[in-house]
Amino acid sequence: MGVEQAPTAKGKQAAKGLKQAAAKNERKTEADTGRPLKKGAARFEERSKSSDGKSAGTKQKS
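In this report, the structure presented in the accompanying data block is examined. (Residues numbered from 1 in each chain as written. Predicted model: local features only at pLDDT ≥ 70, side-chain atom pairs only at ≥ 80, totals over all residues. Heavy atoms only, no water.)

A few words now on the pattern of salt bridges. In this structure the tally under the stated criterion is 3 salt bridges. Across the pair K39 and E26 runs a salt bridge, and its minimum N-O distance is 2.5 Å. With K39 in the loop between helix 1 (9–33) and helix 2 (40–52) and E26 in helix 1, this pair connects stretches of sequence that are 13 residues apart. Judged by its relative accessible area of 48%, K39 falls in the partly exposed class. Between E30 and K39 there is a salt bridge, and its shortest N-O distance comes to 3.5 Å. Here the residues in one salt-bridge network are E26, E30 and K39, joined through shared partners. (Salt bridge = Lys/Arg side-chain N within 4 Å of Asp/Glu carboxyl O. Helix = DSSP H or I, 4+ residues; strand = E, 2+ residues; numbered from the N terminus. Buried < 20%, exposed > 50% of the residue type's maximum accessible area, 1.4 Å probe, protein only.)

Right under this line is the structure:
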C-alpha cells in the first residue's frame, strides 16, 4: 500500500517508514555491488533468474 492510500495516520507513517527502509537497503546493495540495480521488468527477470538460473517464462511453462 502506498503512503497516499493508507487509511489512517499510523498506516501512512508505517508506509513511509517502509519506503525509506527499502530505499536505504537498495542504496546499500548498489554500493556493495558497485552497479545500480535494474528497475521494472528487467529487475523482475534478474531476480527470477538469480534464484535458480531459469527465467520466469520458463518456470511458468513447466
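The structure having been displayed, the exposition proceeds.
Time to look at helix 1. The end-to-end C-alpha distance of helix 1, which contains 25 residues, comes to 36 Å, matching closely the 36 Å that a straight helix rising 1.5 Å per residue would cover. Two residues or fewer after helix 1 comes G34, characterised by a positive phi angle close to 80°. (Expected span 1.5 Å × (residues − 1).)

Tracing the backbone shows Q13 in helix 1. Distance from Q13 to V3, taken between C-alpha atoms, is 7.6 Å for residues 10 residues apart in sequence.

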